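# Secondary and tertiary structure notes
Listed here are the chains, written in short residue letters.
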Amino acid sequence: MGHDHDGGCCAPRGNGESARPGASTAIADDAARSAARATLVAVPAGAFLMGNEDRHARPGDGEGPVRSIELNAYNIDAYAVTTTRFAAFVEATGHRTTAEQEGWSFVFGGFLPDDFPPTRGVAQAPWWRQVFGADWAHPEGPQSHLEGRADHPVVHVSRHDAEAYCAWAGVRLPTEPEWERAARGGLEQARYAWGDELEPGGEHRANIWQGTFPNNNTGADGWLGTCPVDTFAPNGLGLFNTAGNAWEWTSGSFSAGGLDNLVPMRGGSHLCHVSYCDRYRVAARTANTPDASSGHLGFRVAADT
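Residues numbered from 1 in each chain as written. Predicted model: local features only at pLDDT ≥ 70, side-chain atom pairs only at ≥ 80, totals over all residues. Heavy atoms only, no water.

## A few points about the overall build of the chain
Stated formally: For the purposes of this entry, the term helix denotes a DSSP run of H or I that reaches at least four residues, the term strand denotes a run of E that reaches at least two, and both are numbered from the N terminus. All accessible areas in this document rest on Shrake-Rupley with a 1.4 Å probe, and a residue is counted as covered only by the protein chains that are shown.
In terms of helices and strands, the chain carries 5 helices and 13 strands. For the chain, the exposed area adds up to about 12000 Å²; of that, 51% sits on carbon and sulfur atoms.

See the structure below:
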């Protein structure tokens, strides 16, 4: 289940051919569905310059060339979907995530107890560990829980799971152009959602890795794992955490680097570090199979006006 196209940022998993989970929409709770749409932000129609081709761009990711994209007006959530909102969806529909159906997901090894039994890792990214019983409600495995993480982004969700949530809530995943335009917050061709400097005035603006990856995270930004979805200042459009924290699924397909059957993700995660993955840049992108599941994969929703 899942295959990151460079083995670094995301957890490779299987062959991408598992069945798409179904989700009953007949029992949907109106209040919960309304809450799922309550924080949508309006983005007016207009054009923006998408992509990047400076020295930071990754040619194999298809970031460039820079091109002008015209978009109709749309809405996008100020926040990534939280564990609380996802729990309401699961309660209303009985949805079982890809990870729950498969019985396991990938967990960052640094979050596991020292006495955790040996499990299969990933050759090109040994910091990922296959953990049976890891899922959205048990992010580090069956011994973990969501206490204290009600406002954190839901993780261990495949794109199939994200699409099921969207179908229930009456929303959809954003396209890559929609995601990037909103994440830029009105800044034209800035490197990050807040400007060109990673830490302006020494201030942390995103939940990413500080220290030496993958063995020493100093937590200088205040977090070692995910953080609440409203942490750090919003961008110019009012969106929070479009850099770092958790990767966000988008719609469409990913065909860069000669790879097929992959789907795009945006924003980077709390595990991104400049030494191997600076994809918290606003134009950066990566991909995985739509059934991929790991402890840093989440999503944000959008809707037509």
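From this point, things continue past the structure.
## As for the pairing of strand E4 (residues 74–77)
To keep things clear, this is the line we draw: Burial classes follow relative accessibility: with a 1.4 Å probe on protein chains only, a residue under 20% of its type's maximum area counts as buried, one over 50% as exposed, and anything between as partly exposed. If DSSP finds at least two bridges between two strands, the strands pair.
Because side chains alternate across E4, one face comprises the buried residues Tyr74 and Ile76, and the other comprises Asn75 and Asp77, equally buried. Relative to E4, strand E1 (residues 40–43) runs antiparallel, the two sharing 4 bridges. Looking at E4, one finds that Val41 is bridged to Ile76.

## Overview of unusual backbone geometry
Cis geometry is found at the peptide bond from Gly64 to Pro65, where omega equals 0°. Locating Pro65 in the fold gives a position in the loop between strand E2 (46–50) and strand E3 (67–71). Along the chain, Phe213 connects to Pro214 via a cis peptide bond; the corresponding omega equals 0°. Turning to its location among the elements, Pro214 is positioned in the loop between strand E7 (211–212) and strand E8 (216–217). Unusually for a residue other than glycine, Phe232 sits at a positive phi of about 70°. On the basis of relative accessible area, Phe232 is assigned to the buried category, the value being 16%.

## Topic: the sheet that holds strand E11 (residues 285–288)
Keep this limit in mind: Between N-to-C directions, angles cover 0 to 180 degrees, with each direction set by a line fitted to C-alpha atoms, over the stretch in contact for helices. Note on definitions: a residue-residue contact is assigned when non-hydrogen atoms from the two residues lie within 4.5 Å.
Pairing in this open sheet of 4 strands is mixed, and the strands run E11-E10-E9-E12 from one edge to the other. On the outer flanks of this sheet lie E11 and strand E12 (297–299), each paired with one strand and no other. For this sheet, the mean angle separating the axes of adjacent strands, direction not counted, is 45°. Along the sheet, helix H5 (residues 176–184) contacts strand E9 (247–249), strand E10 (263–266) and E11; its crossing angle with E10, the most-contacted strand, is approximately 5°.

## Some details on the pairing of E2
Side chains Gly46, Phe48 and Met50 project from E2 onto a buried face, and the interleaved Ala47 and Leu49 project onto a face without burial. As paired elements, E2 and E3 share 5 bridges and run antiparallel to each other. Directly across from Met50, in E3, lies its bridge partner Arg67.

## Examining the packing of helix H2 (residues 83–93) against helix H4 (residues 159–169)
Test applied: Note that the term roughly parallel is reserved for angles under 35 degrees, roughly antiparallel for angles over 145, roughly perpendicular for angles of 65 to 115, and oblique for everything else. Amino acid classes used here: Ala, Val, Leu, Ile, Met, Phe, Trp, Tyr, Cys and Pro are nonpolar; Asp, Glu, Lys and Arg are charged; the rest, including Gly, are polar.
Close contact between H2 and H4 brings their axes to 11 Å; oriented N to C, the two are set at 75°. Of the possible angle classes, the one that applies to H2 and H4 is roughly perpendicular. Contact with H2, carried on its side by Arg85, Phe86, Ala88, Phe89, Ala92 and Thr93, involves Asp161, Ala164, Tyr165 and Trp168 of H4 and no other residues of that element. Grouping the constituent residues of the contact of H2 with H4 by class yields 7 nonpolar, 1 polar and 2 charged.

## Some points on the pattern of salt bridges
Side-chain pairs of opposite charge can arise where the charged atoms are in close proximity. In plain terms, the rule: We count a salt bridge whenever a side-chain nitrogen from Lys or Arg sits within 4 Å of a carboxyl oxygen from Asp or Glu.
Evaluated as defined, the whole model comprises 16 salt bridges. In this structure, the salt-bridge partner of Arg159 is Glu163, at a minimum N-O distance of 3.5 Å. Placement of the pair is Arg159 and Glu163 together in helix H4, with a separation of 4 residues, close to one helical turn. Linked through salt bridges whose partners overlap, the residues forming this network are Glu176, Glu180, Arg184, Arg266 and Arg285.

## As for the nonpolar core
For soluble globular proteins, the rule of thumb is that nonpolar side chains tend to be buried together. Rule in force here: Among buried residues, the Ala, Val, Leu, Ile, Met, Phe, Trp, Tyr and Cys ones that are joined through side-chain atoms within 4.5 Å form a nonpolar core.
Counting residues in hydrophobic clusters, the biggest one holds 48 residues, and the most contacted among them are Phe86, Trp128, Tyr165, Trp168, Trp249 and Phe299. Elements with a contribution of two residues or more to this core: helix H1 (30–37), H2, strand E5 (104–108), H4, E9, E10 and E12. At 6 residues, H4 tops the list of elements feeding residues into this core. Within the second largest apolar cluster, 12 residues are counted, among which are Phe48, Ile69, Ile76 and Ala182.

## A short note on H2
Three or more residues of H2 are buried, namely Thr83, Arg85, Phe86, Phe89, Val90, Ala92 and Thr93. Contacts made by the buried residues of H2 are with H1, E4, H4 and E12. At the C-terminal side of H2, Gly94 shows a positive phi close to 75°.

Taken by themselves, the reported measurements are silent on function.
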